[in-house]
Amino acid sequence: LCCVVRQISAQPPDMWKAVVTAAVAFTLLLCRSNTLDNGLARTPPMGWLAWERFRCNVDCVDDPYNCISERLFMQMADRLAEDGWKELGYEYINIDDCWMSMDRDEEGKLYANKTRFPNGIKHLADYVHSKGLKLGIYLDFGTHTCGGYPGSIKYLQKDAETIADWGVDMLKMDGCYANVSDMSWGYPDMEMYMNKTGRPILFSCSWPAYAGGIKVNYTDIAEHCNMWRNYGDIQDSWDSVTNIIDWYGNNQKILVPAAGPGHWNDPDMLIVGDYSLSYEESKAQMAMWAILAAPLFMSNDLRSISEEARSILMNKDVIKINQDSLGMPGYRMIKGDNKIETWVRPIVAVKPTYYAVAFLNRREDGMPYNYTLTLGSLNFTYGMGYEVVDVFDNHRYGHFGLDTALTVSIVPNGVVLVQAYPSK
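Residues numbered from 1 in each chain as written. Predicted model: local features only at pLDDT ≥ 70, side-chain atom pairs only at ≥ 80, totals over all residues. Heavy atoms only, no water.

Burial analysis of strand 4 (residues 170–174) places five of its five residues in the buried class, which makes it a mostly covered element. With burial as the criterion, each face of strand 4 is covered, one bearing Met-170, Lys-172 and Asp-174 and the other bearing Leu-171 and Met-173. Alignment of strand 3 (residues 134–140) against strand 4, held across five bridges, turns out to be parallel. Bridged to Leu-139 within strand 4 is Met-173. Crossover handedness for the path strand 3 to helix 8 (residues 156–166) to strand 4: right-handed. (Buried < 20%, exposed > 50% of the residue type's maximum accessible area, 1.4 Å probe, protein only. Helix = DSSP H or I, 4+ residues; strand = E, 2+ residues; numbered from the N terminus. Pairing = 2+ DSSP bridges. Right-handed = clockwise from strand over helix to strand, strands pointing away.)

Before going further, it helps to examine the sheet that holds strand 16 (residues 415–422). Taken in spatial order, the six strands of this open sheet run 9-10-11-16-13-14, and their pairing is antiparallel. One side of each edge strand has no neighbouring strand; the edge strands of this open sheet are strand 9 (331–335) and strand 14 (396–400). Each adjacent strand pair in this sheet contributes to an overall mean axis angle of 20°, direction not counted. In the sheet, strand 9 pairs with strand 10 (residues 340–347) via four bridges, with the strands oriented antiparallel. If you follow Arg-332 over to strand 10, its bridge partner there is Trp-343. Each of strand 10, strand 11 (354–361) and strand 16 is contacted by helix 14 (residues 279–291), which is oriented at about 140° to strand 11, the strand it contacts most. (Axes fitted to C-alpha atoms, helices over the stretch in contact; angles between N-to-C directions. Contact = heavy atoms within 4.5 Å.)

Before going further, it helps to spend a moment on the sheet that holds strand 7 (residues 264–266). Adjacent strands of a sheet form backbone hydrogen bonds with each other and so pair up, either parallel or antiparallel. Here we have eight strands laid out as an open sheet, ordered 7-6-5-4-3-2-1-8, and parallel in their pairing. Of all the strands in the sheet, just strand 7 and strand 8 (296–298) have a single pairing partner and so form its edges. Taken over all neighbouring pairs, the strand axes of this sheet differ in orientation by 25° on average, direction set aside. In the sheet, strand 4 pairs with strand 5 (residues 202–205) via four bridges, with the strands oriented parallel. Bridge assignment links Met-170 to a residue of strand 5, and that residue is Leu-202.

Within the structure shown, the criterion is met by four cavities of 30 Å³ or more. Space inside the largest cavity adds up to approximately 100 Å³. Taken together, Leu-49, Asn-94, Met-170, Lys-172, Ser-204, Met-227, Arg-229, Asp-266, Asp-268, Met-269, Pro-295 and Phe-297 make up the lining of the largest cavity. Sorting the residues of the lining of the largest cavity by element identifies strand 4 and strand 6 (227–229) as the ones contributing at least two each. Of the residues belonging to the lining of the largest cavity, the class tally is six nonpolar, two polar and four charged. (1 Å grid on protein atoms, 1.4 Å probe; cavity = no way out; pocket = protein on both sides within 12 Å on 5 of 7 lines; lining within 4 Å. Points joined across faces, edges and corners; volume = space filled by probe spheres on them. Nonpolar A, V, L, I, M, F, W, Y, C, P; charged D, E, K, R; others polar.)

This next bit is on the packing of helix 5 (residues 70–82) against helix 7 (residues 120–130). Pairs of packed helices are described in terms of their axes, by the angle between the two and the distance that separates them. As a packed pair, helix 5 and helix 7 sit with axes 10 Å apart at the nearest point and diverge in direction by 10°. By the criterion of interaxial angle, the relationship of helix 5 to helix 7 is roughly parallel. Between helix 5 and helix 7, the contacting residues are Glu-70, Phe-73, Met-74, Ala-77 and Asp-78 on the first element and Gly-120, His-123, Leu-124, Tyr-127 and Val-128 on the second. Class assignment for the residues of the contact of helix 5 with helix 7 results in six nonpolar, two polar and two charged. (Parallel < 35°, antiparallel > 145°, perpendicular 65-115°, else oblique.)

What follows covers the state of the cysteines. Evaluated as defined, the whole model comprises four disulfides. Each sulfur of the disulfide joining Cys-56 and Cys-98 lies 1.8 Å from the other. Looking along the S-S bond of the Cys-56-Cys-98 disulfide, the torsion reads about -110°, which is the left-handed sense. Of this pair, Cys-56 sits in the loop between helix 4 (51–54) and helix 5 while Cys-98 sits in the loop between strand 2 (92–94) and helix 7, placing them 42 residues apart in sequence. Given the relative accessible area of 30%, Cys-56 is considered partly exposed. (Disulfide = S-S within 2.5 Å.)

Let us now look at the environment of Met-74. Locating Met-74 in the fold gives a position in helix 5. Since its relative accessible area comes to 14%, Met-74 is described here as buried. The contacts of Met-74, once residues within four sequence positions are left out, are His-123, Leu-124 and Tyr-127.

Attention shifts here to the side chain of Asn-94. Checked against the element boundaries, Asn-94 lands in strand 2. Leave out the neighbours within four places in its chain, and Asn-94 touches Trp-48, Leu-49, Ala-50, Phe-73, Gly-136, Met-170 and Phe-297.

Between its terminal C-alpha atoms helix 12 (residues 238–250) stretches 18 Å, which fits the 18 Å expected from 13 residues at 1.5 Å a residue. In terms of residue burial, helix 12 counts as a mostly covered element, since 10 of its 13 residues are buried. Those residues of helix 12 lying buried are Trp-238, Ser-240, Val-241, Thr-242, Ile-244, Ile-245, Asp-246, Trp-247, Tyr-248 and Gly-249. Of the surrounding elements, those touching the buried residues of helix 12 are helix 13 (252–255), strand 7, helix 14, strand 9, strand 10 and strand 11. (Expected span 1.5 Å × (residues − 1).)

See the structure below:
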């Protein structure tokens, strides 16, 4: 039965109606009973992650404000807790690579760099917890981390017990310096050892990314991982964002049915608030990550983030789409020669079904593009029609029957994100 549902949900747009019926939704829930069930990540996790913005900056002498250190993570925890982020669901503070010392202690245990983390990870976890937040940490399955620090392949049980003793709440496990063939046992073993500690630890796996992204059995991966990276690292550029979107669209028949409550595709961090994206491009990334049901991990400097970037990342209606409780990712329904893409995500936690629709403009010709379609062309079926409202500015487009033309104006490299509510 689960295989049937996966086949239906992977079909082209003309089969989409079948996916969003109540029967299929119920069956999807039954299928997911075979996935990792540690009670975590029932909706896409949200938080802050250091890597894209702060990388492996270990120079705390000449750059103490930005180096990977206890101070940096405490300051980011302060911002999440005090500036309204936590109340919106941004609850994880995640350390990435380069936090460790270059060797293990005499018992074979990892320990933090004593200069940059003078009080150790347990102290940092206690501080983060005191703010009502959760701490994430980074390990690598291979012989070394990507930054050259000690790897975990011979120490999986010891490292699982160590991070649990510290009070860590999330683990991102990378895959540098490892054989891909070993990952099929290594990541499941790490999940087993973490479960044995008795501490709930959300598990983010890089296994699919190193195995080619689509050349993996996502059913197996979902039994062990709460989320997984399956494409290359995001960079601070619009091209990087669109490359990820393209890859997800081109492989959606595999990726869409793989994700759901407790197990998510991870297209990588939100770079809203960094250096390269314009305001419209920032809205587009946030909108598309909501459509994709992606984990929302910001990688920016919350101490100096602009009000424009803050308004995008804190948009409650976009977050609500992302956090829909059934967790069905969106689908690229239309990719036209006019370089306008239409992505649809059914929001099926309520009945009748309503939808989030993203109109993504891939044009670069210097002016807004007026794009017209009908809701019926998107396989919407509610006979009384829909009320269409813009998510970012709350503009009400009005009531639209299934055959009524809807026109949206989309700026270059921008998005129009709407919700279509069944009319009463």
